[in-house]
Amino acid sequence: MNESASSRLAAILTGGEAPADLYSVEGSRLYERFAEFDDSEQRELLRRLTATKGDILELACGGGRLALPFLALGRPVVGIDLSEEMIRILQDRYDRLPRSRRRVPLTAVVGDMRDFDLGRLFGAIVLATTSVFLLDISDRQQLFAAVRRHLAPGGMFFVTVYESSLEAGSTSTRLVPLAGEVPAVALLSDQVREDGRTREVTALQISRDGDGVLDVATFSSVVHTASKEEIDEELELAGFTRSESIALTGADAGGLRIRGYSL
Ligand SMILES: C[S@@+](CC[C@H](N)C(=O)[O-])C[C@H]1O[C@@H](n2cnc3c(N)ncnc32)[C@H](O)[C@@H]1O
């Protein structure tokens, strides 16, 4: 049996309702409610990006958890995401920034990181939050070819990967309070399936509605796994050379590593 405890809990609480996609409109909104105050990777990426030149592209940028802080570098930022709702949230957050911060342009684009053509080159391309594993190996090949076409000479591609391989069957669960007027929490769970090659991510949003009735919404996403060495090999085959490997430190590190590659 390979059903995670949290998907069973979701089924019990919702009466068996099928989970929605984590990056659907409602899922994107929930993701942004728990990601908004998460500053992991930010410090390390900002430090690395200062050593690069030119415009910055963030792939799978979501609602701008990282893309908005990148504006502090004073260089134009472009964010691409497949979810229209994520891009709407990012644009809205940018539009609400003080005028002084909006002097640096941010372009928010709905697009697929496997196949995009922005018609320009970037000094740095970032794919953070382990989002490289949203794609399987053949989609990653397409992604790396698209990155290659968009990287300026001397540019750097930063990818966040796991420090160590994930064990089949291992689970991690977090309970996160959600901002907003109605008290709400998200239960986030991540289970590596028995095949060891895919992970099931489940997010339960739990609150009470205005009539005091329990309100549970469930979202899920299937994510692929690969070791950092496999990602190195795939990028090498795509023509990249690894030039940096930065372990994240501190409470928010979460066993992650940022790899930097050049052409
Ligand atoms: C884990 S979230 C990361 C968001 C953001 N980087 C952050 O740190 O908060 C993954 C994001 O990838 C986006 N996504 C999924 N598949 C994608 C694809 N093929 N191309 C572009 N974005 C994609 C989702 O819509 C979602 O916003």
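Look up a bit, the structure's there.
Residues numbered from 1 in each chain as written. Predicted model: local features only at pLDDT ≥ 70, side-chain atom pairs only at ≥ 80, totals over all residues. Heavy atoms only, no water.

Peer 1: In this structure, what is going on with the packing of aromatic side chains? I would like to understand it.
Peer 2: Aromatic ring pairs are defined here through the distance separating the ring centres and the angle between the ring planes. Tallying each qualifying case throughout the model produces six aromatic pairs. Here F157 and F240 contribute two aromatic rings whose centre-to-centre distance is 5.8 Å and whose plane-to-plane angle is 45 degrees, an arrangement assigned as tilted. On the criterion of sequence distance, the pair formed by F157 in strand β6 (residues 151–162) and F240 in the loop between α7 (228–237) and β11 (241–247) is long-range, its members being 83 residues apart. Connected via pairs of aromatic rings, a cluster forms that spans F144, F157, F240 and Y261. (Phe/Tyr/Trp six-rings, centres within 6.5 Å; stacked < 30°, edge-to-face > 60°. Helix = DSSP H or I, 4+ residues; strand = E, 2+ residues; numbered from the N terminus.)

Peer 1: Sorry, what's going on with helix α2 (residues 25–35) here?
Peer 2: The periodicity of an α-helix, 3.6 residues per turn, causes residues three or four places apart in sequence to face the same way. For α2, every residue scored as buried is listed here: G27, S28, L30, Y31, E32, F34 and A35. On its buried face, α2 is in contact with β1 (20–21), α5 (84–95), β7 (171–178), β8 (184–192), β9 (198–208) and β10 (214–224). (Buried < 20%, exposed > 50% of the residue type's maximum accessible area, 1.4 Å probe, protein only. Contact = heavy atoms within 4.5 Å.)

Peer 1: For this particular structure, what's the right way to read the nonpolar core?
Peer 2: Formed by 68 residues in total, the largest nonpolar core has its most connected members in L59, L106, L143 and F157. At seven residues, the largest contribution of residues to this core is made by β6. There are two domains that each give this core at least three residues, and those are domain 1 (5–22 + 166–224) and domain 2 (35–164 + 226–262). The contact partners of L143, leaving out residues within four places of it in the chain, are L59, M113, R114, L127, V132 and L135. (Core = buried A, V, L, I, M, F, W, Y, C linked by side-chain atoms within 4.5 Å. Domains from an automatic or database assignment.)

Any functional reading would require information beyond the geometric quantities listed.
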